[in-house]
Amino acid sequence: MTTALLENTSRDAVWDGAVIDVDVHANVPSLQALYPYMDQLWIDWCEERGWKGPSGAAAHYPPKSNRACRPEWRPAEEAAASRVELLREHVLDPWKPDYAVLNCYYGIDSLRHPDWASALARAVNDWVRSEWLDRDPRLVASLVVPARDPVAMVEEIRRVGSHPQFVQVLLPARNDQLWGQRVFHPVFAAMVEHDLVAGLHYGGTTEGAPSTTGYGSWFVEEYAAEWQAFAPQVTSIISEGVLQLHPELRVSVLEGGFLWVPSWGWRMNKEWKGLRREVPWLDRAPLDLIREHFRFSVAPTDAGPPELLAKAVEWLRSDDILMFATDYPHMHDDDITALLAAVPESMRPKLMAETARDWYRL
Amino acid sequence: MTVVKYPIVDTDVHPAMNPAVPGVMAYLPQRWRDYVGEIGIMRNFMTGGERPRHREFASRWDATPPAGGAPGSNPEFARAQLLDQFDMSGAMLNDIAPIFLNGGKHQPAELAAAFCSAVNDHRRDEWLASDPRWYGSINTPYELPHLAVEEIRRCKEDMGEYNDRWKQVMFAPDNARPPGHPSYWPIYEAAEHYGLPIGFHVLASRKLTSSGSCNFYFEEHCDWAAFNFPLLSSFVFEGVFDRFPKLKVAMIELSWSWAIPLAWRMDHAYRVMKSEVPHLQRLPSEYIRDHVWYSTQPIEEPEDPRHIDDVLELFEVSGMADKLMYSSDYPHWDYDPPSAFPKAVSGERMGRILGENAAALYGIDLIEGTGWTPEQPAVAAAA
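Here is a short report on the structure shown in this document. Position numbers for residues count from 1 along each chain, tracking the sequence in the order it is written. In the order they appear in the text, chains get letters beginning with A and ligands get numbers beginning with 1. Reporting of local features is limited, given that this is a predicted model, to residues whose pLDDT is at least 70; pairs of side-chain atoms are given and counted only at 80 or more, and all residues count toward the totals for whole chains, interfaces and linings. Here the side-chain values reflect all heavy atoms present in the structure, with hydrogen atoms and water set aside.

This part covers the overall build of chain A. Secondary structure is summarised from DSSP: a helix means a run of H or I of at least four residues, a strand means a run of E of at least two, and numbering begins at the N terminus for each. Per the secondary structure count, chain A includes 15 helices and 8 strands. Here the C-alpha radius of gyration of chain A, 20 Å, is about what a compact globule of 362 residues would show, namely 21 Å. Reported as C-alpha extents along the three principal axes, the dimensions of chain A are approximately 55 × 55 × 45 Å. In this analysis, two residues are considered to be in contact whenever any of their non-hydrogen atoms come within 4.5 Å of each other. Expressed as a percentage of contacts within chain A between residues at least 6 apart in sequence, the contacts between residues at least 24 apart total 82%. Just so you have it, chain A exposes about 12,300 Å², and 51% of that area is on carbon and sulfur atoms. C-alpha atoms define the radius of gyration in this analysis, and the globule rule sets the expected value at 2.2 Å times the number of residues to the power 0.38. Accessible surface is estimated by sampling points in the Shrake-Rupley manner with a 1.4 Å probe; for residues, cover comes only from the protein chains shown.

Turning next to the overall build of chain B. When its secondary structure is counted, chain B shows 15 helices and 8 strands. The C-alpha atoms of chain B give 20 Å as radius of gyration, which agrees with the globular expectation for 383 residues (21 Å, within 12%). Across its three principal directions, the C-alpha atoms of chain B cover 60 × 55 × 45 Å. When charges are counted, Lys and Arg contribute as positive and Asp and Glu as negative, whereas His and the chain ends are disregarded. Where a charge lies is defined by one atom per residue type: Lys uses NZ, Arg uses CZ, Asp uses CG and Glu uses CD. Positive and negative side-chain charges in chain B, numbering 34 and 53 respectively, have mean positions lying 3 Å apart.

This part is about the interface of chain A and chain B. Facing the 73 residues of chain A at the interface are 71 residues of chain B. Buried area: the sum, over both parts, of the accessible surface (1.4 Å probe) that disappears when the two are put together. Both sides of the chain A and chain B interface together cover about 6,200 Å² of buried area, and 60% of this is carbon and sulfur. By definition here, a salt bridge exists when the distance from a side-chain nitrogen of Lys or Arg to a carboxyl oxygen of Asp or Glu is within 4 Å. Taken together, the links from chain A to chain B amount to 7 salt bridges. One salt bridge connects lysine 311 of chain A with aspartate 310 of chain B, and the closest N-O pair in it is separated by 3.5 Å. Residues adjacent in sequence count toward polar contacts only when both atoms are side-chain atoms; beyond that, a polar contact is any pair of N or O atoms within 3.5 Å, and within protein one must be able to donate a hydrogen and the other to accept it. Where chain A touches chain B, the interface holds 33 residue pairs in polar contact (both at pLDDT 80 or more). Looking at the side of chain A that touches chain B, the elements that each hand over two or more residues are strand S4 (166–174), helix H8 (219–224), helix H9 (227–239), helix H11 (261–275), helix H12 (286–293) and helix H13 (306–314) of chain A. With 12 residues, H11 of chain A is the single largest residue contributor to the side of chain A that touches chain B. Following the grouping adopted for this structure description, the nonpolar residues are Ala, Val, Leu, Ile, Met, Phe, Trp, Tyr, Cys and Pro, the charged ones are Asp, Glu, Lys and Arg, and the polar ones are all others, Gly among them. Class assignment of the residues belonging to the side of chain A that touches chain B gives a composition of 33 nonpolar, 21 polar and 19 charged.

With that settled, the discussion passes to the environment of alanine 342 of chain A. All names here are of chain A. Here alanine 342 is to be found in helix H14 (residues 336–342). In this structure the C-alpha to C-alpha distance between alanine 342 and aspartate 115, which are 227 residues apart in sequence, comes to 48 Å. Apart from residues lying up to four places away in sequence, alanine 342 is in contact with Pro306, Leu309 and Ala310.

Scanning the model with the defined rule gives 59 salt bridges over all chains in all. Where arginine 361 of chain A meets aspartate 195 of chain A, a salt bridge forms, and the shortest distance between an N and an O atom there is 3.0 Å. Separated by 166 residues along the polypeptide, arginine 361 of chain A in the segment after helix H15 (348–359) and aspartate 195 of chain A in the loop between helix H7 (185–193) and strand S5 (197–204) bring together distant segments of the chain. Notably, a salt bridge pairs glutamate 292 of chain A with arginine 284 of chain A, separated by 2.9 Å at the nearest N-O pair. In this structure, a network of salt bridges that share partners links the residues Glu76, Arg79, Asp84, Asp131 and Arg133 of chain B.

We now examine the side chain of serine 295 of chain B. All names here are of chain B. Mapped onto the elements, serine 295 comes out in strand S7 (residues 292–295). Within polar-contact distance, the side chain of serine 295 engages the backbone nitrogen of glutamate 253 at 2.9 Å. The residues touching serine 295, leaving out its near neighbours within four places in the chain, are Thr11, Met251, Ile252, Glu253, Trp256, Met325 and Ser327.

Now for empty space enclosed by the protein. Residues and elements named next belong to chain A. Site definitions follow a grid-based scheme: protein atoms alone, a 1 Å grid, a 1.4 Å probe that fits but cannot get out for cavities, and for pockets an open set with protein on both sides within 12 Å along at least five of seven lines, plus lining residues having an atom within 4 Å of a point. Grid points are joined across faces, edges and corners, and a volume is the space filled by probe spheres set on the points. Throughout the structure, instances matching the rule amount to 10 cavities of 30 Å³ or more. Its volume calculated, the largest cavity comes out at about 120 Å³. Lining the largest cavity are 16 residues, and of these Ala4, Ala299, Ala325, Thr326 and Asp334 sit closest to its centre. Among the residues making up the lining of the largest cavity, the classes are represented as 7 nonpolar, 6 polar and 3 charged.

With that settled, consider the sheet that holds strand S7 (residues 294–297) of chain A. Residues and elements named next belong to chain A. Pairs of strands are assigned from DSSP output, requiring at least two bridges between the strands. Taken in spatial order, the 8 strands line up as S1-S2-S3-S4-S5-S6-S7-S8 in an open sheet, and their pairing is parallel. At either end of the open sheet lies a strand with only one pairing partner, and these are strand S1 (20–25) and strand S8 (322–323). Taken together, the 3 bridges between strand S2 (residues 99–103) and strand S3 (residues 139–143) define a ladder with parallel strand orientation. Looking at the pairing, leucine 102 lines up with alanine 141 of S3.

Take the sheet that holds strand S8 (residues 324–325) of chain B next. Residue and element names in this part refer to chain B. Here 8 strands make up an open sheet; going across it, the order is S1-S2-S3-S4-S5-S6-S7-S8 and the pairing parallel. Of all strands in the sheet, those with a lone pairing partner are strand S1 (9–13) and S8, marking the two edges. Where S1 meets strand S2 (residues 90–93), 3 bridges bridge the pair, whose relative direction is parallel. Paired with valine 13 across the strands is leucine 93, a residue of S2. Every axis in this analysis is a line fitted to C-alpha atoms, fitted for helices over the stretch in contact. Angles between the N-to-C directions lie between 0 and 180 degrees. Along the sheet, helix H9 (residues 228–237) makes contact with strand S5 (198–201), strand S6 (249–252) and S7, crossing S6 at roughly 180°.

Time to look at unusual backbone geometry. Geometrically, the link from glutamine 297 of chain B to proline 298 of chain B is a cis peptide bond, its omega value of -5° lying close to zero. Secondary-structure assignment places proline 298 of chain B in the loop between S7 and helix H13 (306–317). Between tyrosine 330 of chain B and proline 331 of chain B the backbone carries a cis peptide bond, its omega angle lying at 5°. Here proline 331 of chain B lies in the loop between S8 and helix H14 (347–362). The phi dihedral of arginine 317 of chain A falls on the positive side, at around 55°, and the residue is not glycine. Mapping arginine 317 of chain A onto the fold places it in the loop between H13 and S8. Exposure classes here rest on a 1.4 Å probe applied to the protein chains alone. A residue is buried below 20% of its type maximum, exposed above 50%, and partly exposed in between. The exposure class assigned to arginine 317 of chain A is partly exposed, which follows from its relative accessible area of 44%.

This brings us to the environment of methionine 92 of chain B. All names here are of chain B. The topology assignment puts methionine 92 in strand S2. You can call methionine 92 buried: its relative accessible area is 0%. Here the alpha-carbon distance between methionine 92 and tryptophan 166, two residues 74 residues apart in the chain, equals 9.0 Å. Ignoring sequence-local partners within four residues, the contact set of methionine 92 consists of Asp10, Thr11, Asp12, Val13, Tyr135, Gly136, Ser137, Lys167, Gln168, Tyr362 and Ile364.

Have a look at this one:
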């Protein structure tokens, strides 16, 4: 069974308590859909150049693939997940979540012009606000930022970050620079100032090789290996002392899996014991910082056999670290029933809703 | 009471890394000795930036030979401090300098080949000749596959009594292209022909993460474990193990508790995107189960010591009990003696991990009656 779809079952049969979905997607159907939210200058630029929008989204989610949209959720005549009505039909109505966290990954990072990229980020945020947030009170969202320009990032956070339905800033997992580095510290300060979560999410720059070992051949090869983008970002944020500068900072890891966390954290703890003189601000073991400052969505779960999955969850040593997500409309073959069976009973309501409710202050 | 001894194979020992020592240079043709004298041999090799180690060579203080020289520069001293100390059956010599050079980065092609040959010749004459328990990993200019194949052939066919002491072909985990790419297949064909595993040893000089370089050695040391993901993903999805069904891959100093969760993840990715890769004959986890080995250092240290048993059990129930191999990483600072394993690790597991698995992979004979026992005082651990 692939539970996000609720085929042959009902939401209450899967889980009869509260649900909060921390990762659903809004797709910009076309660049023209953003025109109402752009100054005429940028509309002219798009039109004169015949530009169809950033290529990054299709690079990370090939539009016709299962990765971009589960076949059952693919509308006949329009872009997947491009209207709030589709989200209602596929997720909000069947799953009855108290809230869903909406993420719009539009691949802004593939556009280089700094002013144009900022204008595009503003347009996406205003489109999300008008066409999604204003139309369904169950939705809260991430705001997007132009990742190469920390000053513009801070400006955009100040411009829309106080809206009560913006709860998070989307930081693509792949970036020109690791997010913990000092050039981004003012951005984290702005997030904390606006009580926003940092949402480390699948996707990011399309420049340079997507891995430490050059350009892969296959899309599935890149997707399967993408823990490589998330794990060093977590390590960067911890190593650079961002959490000591901002003890209130919360970071969500979205669409990045979580089974890598124990193994990765054990290694960080061990290296910290041996090498902490180099990072003297790190006053606690990295895994303790992860449990306090990071949360992980469970789509994808990447689950193995149930009895082994239970062990891998136990290694996290926290009831509070995982958050339910459908990752609508992306396809996974996760079985949330199996995951719930693999976690302690006390963890289930937290995983399905309560951790996210606290985390996002819902 | 009989004392149980476990025969030991150490799968990761490092001769001194400086490639420009006169001993190695003596094996270069005059043309390249002159070139190296003028331009150097590792010009601009740290393209991922520098994070100086907390000690020169990242070595143990006590590994400096009493007669002088860098740690790992004296085979006799290394023998006493490692092979004799733990009564080992064998140890694999894994060179660092060719890894930093990424099989020929920033070198003229001919120099890259000549340099790898020089290192291999020096290791044969200085190390392999000094004790029959030293075994070699072949250094090759692997970004130039036709030259790499020739070097493998030379080591396995032209070195007389030493032909069989070469047990592996060495790669760094940051190839110019993902290592499953067909451009490297001639090397795998040669490796399969000679029955040699392909070893990937940690270290990067090309690119540290998919989001650029990190700033601290602490951070780098953590991030190394991320090399595994694109590396194995490439081997699996390119179909390398269908093309070369006898090929074996050893992941050295790249940690190992990630391996089974990664196999699960690859299975999920495969199920979602199967239509893209109809050439695969099996599930990704099956290729990983049958074709990939791991060295143990730095030994995993879960927060709750009981979880090391979980990880070992996961390997066993996943059909990978024969895939973990002890390594010391001598003479580096984060060296693990055989006593690094938690006391809870059972006798049967200890036997497999400390010697049997590596002996089977590399074809190294375990020497009967030799080895290490948990009863032995942990002299080296205190050293």
